[in-house]
Amino acid sequence: MGIQKDGVKFNVGGKIFETTSTTLANAGRDSFFGAMFNENWNLQTHNSSEFFLDRNPDCFAVLLDLLRTGELYIPSHVPEKLLYREAMFYGVLDHVRSAKWGQFDGNRLRFSRSVMGQAPGDGTAIRAGPDGGCCVAHGNMVHVYDWMLQEHPPINLDYQRVNDVGWIESETVVVGACERLGRGDGGMALFSASTGDLRHRFQVTHEDQLKSYTAGALSFSSDYKIFSSCKGRSNEYGIGVWDQVTGKQIDFYYEPIGWSLGDADRLQWLDATNCLLVATLFPRKDNCYISLLDFRDKSMVWSWSDVGAPATDERRVRDAIAMEETGSICVVNEYEDLGFMDLRSTAGSVRWCSRSRLMKGKMPDEPCYPKLALHQGQLFSSMNDSISVFCGPDWVLTSRLRQSYGGSICDFSIGGDRLFALHSEENVFDIWETPLPPIT
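Fair warning: this is a prediction, and the values are worked out from it, not measured in the lab. (Residues numbered from 1 in each chain as written. Predicted model: local features only at pLDDT ≥ 70, side-chain atom pairs only at ≥ 80, totals over all residues. Heavy atoms only, no water.)

Things to note about the environment of Glu425
With respect to the secondary-structure elements, Glu425 resides in the loop between strand S32 (418–423) and strand S33 (428–433). Take Glu425: its relative accessible area is 38%, and that puts it in the partly exposed class. Taking the C-alpha atoms as reference points, Glu425 and Ile409, 16 residues apart in sequence, are found 8.8 Å from one another. (Helix = DSSP H or I, 4+ residues; strand = E, 2+ residues; numbered from the N terminus. Buried < 20%, exposed > 50% of the residue type's maximum accessible area, 1.4 Å probe, protein only.)

Examining the sheet that holds strand S30 (residues 396–402)
Pairing within the open sheet is antiparallel, and its 4 strands lie in the order S27-S28-S29-S30. Two strands bound the open sheet, and with one partner strand each, they are strand S27 (372–375) and S30. Each neighbouring strand pair of the sheet contributes to a mean axis angle of 25°, computed without reference to strand direction. Pairing between strand S29 (residues 386–391) and S30: 6 bridges, direction antiparallel. From the neighbouring strand, Val389 faces S30, where its bridge partner is Ser399. (Pairing = 2+ DSSP bridges. Axes fitted to C-alpha atoms, helices over the stretch in contact; angles between N-to-C directions.)

Side note on unusual backbone geometry
Excluding glycine, residues mostly carry a negative phi; peptide bonds, for their part, are mostly trans. Cis geometry marks the peptide bond from Phe282 to Pro283, where omega comes out at 10°. Mapped onto the elements, Pro283 comes out in the loop between strand S20 (275–280) and strand S21 (289–294). One non-glycine residue with positive phi stands out, namely Tyr224, at about 65°. The phi dihedral of Gln376 falls on the positive side, at around 50°, and the residue is not glycine. Looking at where Gln376 falls in the secondary structure, it is placed in the loop between S27 and strand S28 (378–383). Look at Gln376 and you get exposed, because its relative accessible area is 53%.

Some words on the packing of aromatic side chains
Enumeration over the complete set of coordinates arrives at 24 aromatic pairs. Residues Trp101 and Trp147 carry aromatic rings whose centres are separated by 5.9 Å and whose planes lie at 55° to one another, so their mutual orientation is tilted. One end of the pair, Trp101, is in the loop between helix H4 (93–100) and strand S4 (110–116); the other, Trp147, is in the loop between strand S7 (141–145) and strand S8 (155–156), with 46 residues separating them in the sequence. One exposure class covers both Trp101 and Trp147, and it is buried. In this structure an aromatic cluster arises from ring pairing among Phe10, Phe17, Phe32, Phe33, Phe51, Phe60, Phe89 and Tyr90. For Arg97, the ring lying beneath its charged end belongs to Trp147, and the centroid distance is 5.3 Å. When the ring centre of Phe282 is taken as origin, the NZ or CZ atom of Arg316, which lies over that ring, is 4.0 Å away. (Phe/Tyr/Trp six-rings, centres within 6.5 Å; stacked < 30°, edge-to-face > 60°. Lys NZ or Arg CZ within 6 Å of the ring centre and 35° of its normal.)

Put into structure tokens, the structure is as follows:
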């Protein structure tokens, strides 16, 4: 039957609003307003001339205008936190988020704001959440922020150092931590993002016995698997795999002699090839080891190492990321020279590109090694207190993001249409957003 175009009247906190059922339907089926329609999108009035809502009328006016026009204008007398609370009540928070900033584009990013952490220095990792929030690993703590950048109760691991953290979805966070000798704890666990409460502990078994272990780098696959680098006291060195739904261990790839998996700095699941990139890098190890693992037949289908190569700083790999569309792996050294390796070749030589170099000479007093990220066909590389953006088939430098306060960038992450950059010296992180295109 379609959506009616009849007028609808609301009394919100004593203030009358009139709109149409078409405007209300823009909120979507899962919203407060969507529940006012039947399965055929006919408005259910229940013989009432108007709907009374004991809510804030000023916020209702802003949200109703958003549904009419798709644009968000917040008057100065309306507190943003109050508006977001009301948007959550009406089930239109996603509409507000979409109207606040545009679709992610590294070349159009603008600095939004900085958030100061609870203690200076020692930041381990920052991870963007799927809804625009983030979490920051700092010592034995993980600080979780929602998309409004309001901090939730922290995750406290009681003196176990956090090595990595990742999001399952907007309400759950996975944390990998160091084992404490003599305590039998450590490893990997699932926590509530909103309360910090422990929900599940992921266990490792070896020869049918439970083992304590240190969980390092994390990765997640589209078929609901969790991967973690693992180090145990016996033979539990390698990559563990768990079912995200049941929480049970389903596989383990043991570290081959002469190779390094359990100390990995980066894991990256590759959907197209059903393989896992594992990169163990200097200075965690004296040498670098990069490999692709196929868990279906427990094989290492591609590998590279600098063992036996001249140990020069200009050729030491500090980070690596797989680029499935081009069939290559991108690496970076401490001068932000990019290098590329062809996954279709077993030779494994690095083709370095010095044109990306942005810095020469003396390193800063507190340097942070470069990190890489690939997002929507754009390549990102951090260097000191800036992040460079590379585009095109030849990965040409197209823009730089820089916010000097807080020292060097020790980690950054992209997600929820935002880029988060964690600084090392002041434990402050920056938020970068793409502005909405101008109204024409």
